[in-house]
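Chain by chain, the residues:
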There are 2 protein chains.
Amino acid sequence: MIPNSRLYSFVGGSSGLWKVIEERAILGDPLPQVTNVAIRPGTAGDADNQSAWSLHGVTSNTRYVTQSEKAELAPLEPPIGRDDATLAVMIPLRKDDSWWAKTQDERREIFARSAHHENGIKALPAIARRLHHCRDLATKEPFDFITLFEFAPESLSVFETLIAELRDSEEWQYIDREYELRLERVDVLY
Amino acid sequence: MIPNSRLYSFVGGSSGLWKVIEERAILGDPLPQVTNVAIRPGTAGDADNQSAWSLHGVTSNTRYVTQSEKAELAPLEPPIGRDDATLAVMIPLRKDDSWWAKTQDERREIFARSAHHENGIKALPAIARRLHHCRDLATKEPFDFITLFEFAPESLSVFETLIAELRDSEEWQYIDREYELRLERVDVLY
């Protein structure tokens, strides 16, 4: 079996490039607490018996962004993995059945009323973001999405504003499980 | 690992409830020819060494249907598995990179110009259809989608009209691999 080239694994345990600074169960069941997270392409690390949990997701085509929004976003979006992006926040979340039963236009209207695009673009290029989809994998995953945010320490306040606006939005009313891991890159610490 | 409850396997080989009546490589590389296909929830049958190929896909939330279209479709859509639906057509297909690079509104406009909804609804309730997504699984799959159509023999001409209209549409210009397996339920044959 060849892995999907867009697959990423998030393995929580006692090793990994990212040191857990803080973790919080925002809504619903927590994950077991860990000291480190390894974020890697493919399924590397899954067999590591040091790990407490292992989550998977694939990056995919955009689902809601329009052509005009993409034209605004594309020149501003930074890549994951910038040298100075030593802080990361990993947010696995799940949306409820009523969200998934909605049609595309209903979901898109909720994104629009939630100012998803407008709030997101304010955080660029400070905050890099990679969205991973988990809901349509062959194995049942505990979350629908994993969003990874990466930024330099001086951009922490930009991230705090972004996440506060997201959580205050109509879109977030459909989230029924959310966890948050605040991470710092290990090479910065040692 | 618990399988996704929306996962289905399509296993081509020398056994399975569906007898292959005809198979055709419509575009791109063919699949190895087989005499039977087993279509099952989960990954049952994958380990069967009689099989020539094994494809997987998950059913998922709708991606393009609007609220008003859903209101028209929902009362007409028949389930998969009707007793008299003894014919099936399985169509694995892949869309090209230019399709996946488009934004949601661009893809939706192509569906609209392709009369995807109007052509589809004409075939209801004669033709049952189940769409399986393969592109965002953890393992690399050779196709992006598998569509399964099921119908009674007297509805064959309805299916022929539907598939001809689909293949003649703008949407189909983005398809770069397509295979077709015409199937008949084994309990009808023996």
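Before reading further, recall that the structure is shown in the block above.
Here we summarise the structure given alongside this text. All of these numbers come straight from a predicted model, not from anything done at the bench. In this convention, every chain numbers its residues from 1, walking through the sequence in written order. Labels follow written order: the first chain is A, the first ligand is 1, and so on. Only residues with pLDDT of 70 or above have their local features reported here, since the model is predicted, and side-chain atom pairs are shown and tallied only from 80 upward, although totals for entire chains, interfaces and linings are computed over all residues. Values reported for side chains reflect all heavy atoms of the structure, with hydrogen atoms and water molecules removed beforehand.

## Notes on helix H3 (residues 104–113) of chain A
Three- or four-residue spacings in an α-helix give side chains the same orientation, since the helix completes a turn every 3.6 residues.
Then, number 1: All of the buried residues along H3(A) are Gln104(A), Glu106(A), Arg107(A), Ile110(A) and Phe111(A).
Then, number 2: At the exit of H3(A) stands Ala115(A), carrying a positive phi of roughly 55 degrees. Exposure classes here rest on a 1.4 Å probe applied to the protein chains alone. A residue is buried below 20% of its type maximum, exposed above 50%, and partly exposed in between. Helix numbers and strand numbers start at the N terminus; a helix is a DSSP run of H or I with at least 4 residues, a strand a run of E with at least 2.

## Considering the relation of the copies chain B and chain A
Then, number 1: Once chain B is rotated about the relating axis by 180 degrees and shifted along it by 0.0 Å, it coincides with chain A to within an RMSD of 0.0 Å. These values place the two chain copies in the arrangement generated by a two-fold rotation axis. Closest to the rotation axis within chain B is the C-alpha of Leu137(B), separated from it by 2.3 Å.
Then, number 2: The contact definition used throughout considers only heavy atoms, calling two residues in contact when any of these lie within 4.5 Å. Taken together, the interface assignments show that 100% of the residues at the interface of chain B recur at the interface of chain A, consistent with an identical surface on both copies. Superposing the copies works by least squares over the C-alpha atoms of residues that have pLDDT at least 70 in both of them.

## Concerning the interface of chain B and chain A
Then, number 1: Of the residues lining the interface, 31 residues belong to chain B; the matching set on chain A comes to 31 residues.
Then, number 2: Summed over both partners, the accessible area (1.4 Å probe) lost when two parts come together is defined as the buried area. Note on chain B versus chain A: buried area summed over both sides is about 2,800 Å², and carbon and sulfur give 46% of it.
Then, number 3: Looking at the side of chain B facing chain A, the largest losses of area belong to Asn61(B), Asp136(B) and Ala138(B), adding up to 20% of the total buried there.
Then, number 4: Any Lys or Arg side-chain nitrogen found within 4 Å of a carboxyl oxygen on Asp or Glu counts as a salt bridge. Across the chain B-chain A interface, the total number found is 4 salt bridges.
Then, number 5: Across the pair Arg6(A) and Asp136(B) runs a salt bridge, and its minimum N-O distance is 2.8 Å.
Then, number 6: Between N or O atoms, a polar contact is any pair within 3.5 Å; within protein, one atom must be a potential hydrogen donor and the other a potential acceptor, and residues adjacent in sequence are included only when both atoms are from side chains. Summed over the shared surface of chain B and chain A, the result is 28 residue pairs in polar contact (both at pLDDT 80 or more).
Then, number 7: Sorting the residues of the side of chain B that touches chain A by element identifies helix H1 (67–73), helix H2 (97–101) and helix H3 (104–113) of chain B as the ones contributing at least two each.
Then, number 8: By residue number, the principal contributor to the side of chain B that touches chain A is H3(B), which donates 4 residues.

## A look at helix H5 (residues 156–167) of chain A
Then, number 1: With 12 residues, H5(A) should reach 16 Å at 1.5 Å per residue; the first-to-last C-alpha distance of 17 Å fits that figure.
Then, number 2: At its buried positions, H5(A) is contacted by strand E5 (87–95), helix H4 (116–122), strand E7 (145–151) and strand E8 (175–185) of chain A. Expected span of a helix, by definition, is 1.5 Å for each gap between consecutive residues, and there is one gap fewer than residues.

## Some words on the pattern of salt bridges
Any two side chains of opposite charge can pair, on the condition that their charged atoms come close.
Residues and elements named next belong to chain A.
Then, number 1: On inspection of all chains with the given rule, the structure shows 28 salt bridges over all chains.
Then, number 2: The salt bridge partner of Glu170 is Arg113, with a shortest N-O separation of 2.8 Å. Here Glu170 is found in the loop between H5 and E8, whereas its partner Arg113 is found in helix H3, with 57 residues between them in sequence.
Then, number 3: Relative accessible area serves as the criterion here: at 23%, Glu170 is assigned to the partly exposed category.
Then, number 4: A single network of salt bridges, built from pairs that share partners, joins Arg24, Glu160, Arg167, Glu178, Glu180 and Arg182.

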